[in-house]
Amino acid sequence: MGEAVSVIPVVSYARIFVDTARDGHGVEDQHKVNAETAVRLGWTIVHRYTDNDLSAAKAGVLRPDFETMVKSLKAGHLPDGQPVRGVIVVADDRLARRAGDYERFVDALTYEEGRLYADAKGSKNLYSEDVESMGLFGVVISKMEVRKMQRRARRSHRARAEMGIPVGGKRPFGWQVDKLTLEPEEAAWLAKGAREVIAGRSMHSILREWRDADVRTINGKAWASRSLKLAMWNPRLCGWRKHNGELVRDANGVPVVGRWEPIITSKEWMAIDAIFSARVGPRVKADGTVADYRTPSYLLTGILRCGKPGGDGRICNSPLRAAVRPDLSGGYLYQCPSREMGGCGGTGRNGAKIDEFITEAVLSKLEERVGAVQVDKRWAGEGELDRLTRKQRKLLQAWQEDQISDELFFPENQRMESRVKQLREDRTRHVLNQQRAAEVTGDVRGRWNSGRLDLAQKRALIREALHAVVVLPVGGGGRRPFNPDLLVPKWRD
């Protein structure tokens, strides 16, 4: 009998950012290359991990198979007990495009001696500091290249906007597939609706008419109130366009005219813009409270600060970010960003345990302050906002009646638009402060535990009590028991 062949069990990992065809052919091709690499090296693939149509560069994107693979590598076996001694990928950038992910992978793979790693070019020794550093450097370069591509795309988009060239994607309602030529029937509905808005007809009655006539969106769906309003409010109707929420203008402040056929005049669209802008106010939810639309996904994001001291003795002070960590109790970690991302990468703590401790500390502090919080119900900017909006209406009317030129109207109107936008944001913050102050009175603990407060309201309460929480480093290396003494709250007076 011949000698038994030694089997080296490894896993194959494949990932692709965009699977346009939705058929998985990209990741399947990667697995085929990995299988060829395994044969060449004399290894045996015992499991395939796949994250299809998922980015490795974006923060907050969970790659389920990557996380499961890291956990199995550290354990040294699959959930069914099958031993695992290594990983094969096509290239490092398929594995990770963020330094933190790459470091976690290397930590898991090298948790025990003798683990193996290879890409399409061959085997690599990740136990070598030089090889690990080169891999980490490659991930950083890859991340930089992703950012360069994003910047180039933004510049290209902006340049197309300034030249009046239509952007990609589906055709807009009212225009044909070339996005330049009008689709007569749809354009007629838009023109009619836009002029009825100017005449004072309600959006509700216009929507009802469109539905009764079975006018459909380009996706074949019935129109909804919001989508119809956005279609009417789109400056494309008069030949203009917006980029990042602002009208694209030339050096003199005059909006750039696009290459597509307009449906209404610029003066008609400005009238619609004035009507809809006058209705803008704080976004109110169904329960009557104001929504804070910038709410993060975790309770203490932006509130926790890294307290690790640097060489000059000053603390890092970078805001800690939340990251999914299935291996931790609670499932997430607050950590300082890497040096490449502006932090020091030296502090990380169990997210659920920090949330629990800080929540209790904040509730105790707020209970001491019941009745002490007072917010002036008057908003100081009301008079200025009212004056500016009236002045804007007069300016618009003068322009529409050809009493002033485009060269005078657009720069002055743009300046007022900018100030009005600032004032409206300030008004929203004022209303939020009133709402938050109301929450601090009475049985704050009961409301917190009732399940009626959403994450934005809970963060608002925490902000009422805290400037920040400094998270001091554990020290000594390795995991240590959770120590609340290393959390230093900075209370508001």
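Residues numbered from 1 in each chain as written. Predicted model: local features only at pLDDT ≥ 70, side-chain atom pairs only at ≥ 80, totals over all residues. Heavy atoms only, no water.

Draft legend 1. Up close: the packing of aromatic side chains. If you walk through the whole model with that rule in mind, you get 14 aromatic pairs. Aromatic pair Tyr332 and Tyr334: ring centres 5.8 Å apart, planes at 90°, arrangement edge-to-face. Tyr334 gets classed as buried once you look at its relative accessible area, which sits at 0%. Both rings, one in Phe409 and one in Phe410, keep their centres 5.0 Å apart while their planes meet at 70°; by these two values the pair is edge-to-face. Note on accessibility: Phe409 and Phe410 belong to one class, buried. Every member of this aromatic cluster is reached through a ring pair, and the members are Trp240, Trp269, Trp399, Phe409 and Phe410. Above the ring of Trp260, the side-chain terminus of Arg236 is found at 4.2 Å from the ring centroid. (Phe/Tyr/Trp six-rings, centres within 6.5 Å; stacked < 30°, edge-to-face > 60°. Buried < 20%, exposed > 50% of the residue type's maximum accessible area, 1.4 Å probe, protein only. Lys NZ or Arg CZ within 6 Å of the ring centre and 35° of its normal.)

Draft legend 2. Region of interest: the environment of Ala224. Considering the arrangement of structural elements, one finds Ala224 in the loop between helix H7 (203-212) and helix H8 (225-233). As a C-alpha pair, Ala224 and Arg211 span 13 residues in sequence and 9.1 Å in three-dimensional space. (Helix = DSSP H or I, 4+ residues; strand = E, 2+ residues; numbered from the N terminus.)

Draft legend 3. How the structure looks around unusual backbone geometry. With a phi close to 60°, Asp53 is a non-glycine residue in the positive phi region. Of note, Asp53 is situated in the loop between strand E2 (44-52) and helix H2 (64-75). By relative accessible area, Asp53 is classed as partly exposed at 28%. Phi at Lys179 is positive, roughly 65°, even though this residue is not glycine. The residue Lys179 is located in the loop between helix H5 (129-162) and helix H6 (184-199) in this model.

Draft legend 4. The sheet that holds E2, seen in detail. Read across the sheet, five strands follow the order E2-E1-E3-E4-E5 without closing on themselves; strand pairing throughout is mixed. A single partner strand is all that each edge strand has here, and the edge strands are E2 and strand E5 (122-124). Sheet twist, expressed as the average angle between the axes of neighbouring strands with direction ignored, equals 25°. With three bridges connecting them, strand E4 (residues 116-119) and E5 associate as antiparallel partners. (Pairing = 2+ DSSP bridges. Axes fitted to C-alpha atoms, helices over the stretch in contact; angles between N-to-C directions.)

Draft legend 5. Representation of the state of the cysteines in the model. Enumeration according to the criterion identifies zero disulfides in this entry. Of all cysteine sulfurs in the structure, the one in Cys344 sits closest to Cys306, which takes part in no disulfide; the separation is 3.6 Å. With a relative accessible area of 0%, Cys306 lands in the buried category. (Disulfide = S-S within 2.5 Å.)

Draft legend 6. The arrangement of the packing of H8 against helix H9 (residues 266-277) in detail. Axis separation between H8 and H9 bottoms out at 9 Å; the angle between their running directions is 140°. Considering the angle they form, H8 stands oblique to H9. Between H8, through Lys229, Met232 and Trp233, and H9, the contact on the second element is made entirely by Trp269, Ile272, Asp273, Phe276 and Ser277. Among the residues making up the contact of H8 with H9, the classes are represented as five nonpolar, one polar and two charged. (Parallel < 35°, antiparallel > 145°, perpendicular 65-115°, else oblique. Contact = heavy atoms within 4.5 Å. Nonpolar A, V, L, I, M, F, W, Y, C, P; charged D, E, K, R; others polar.)

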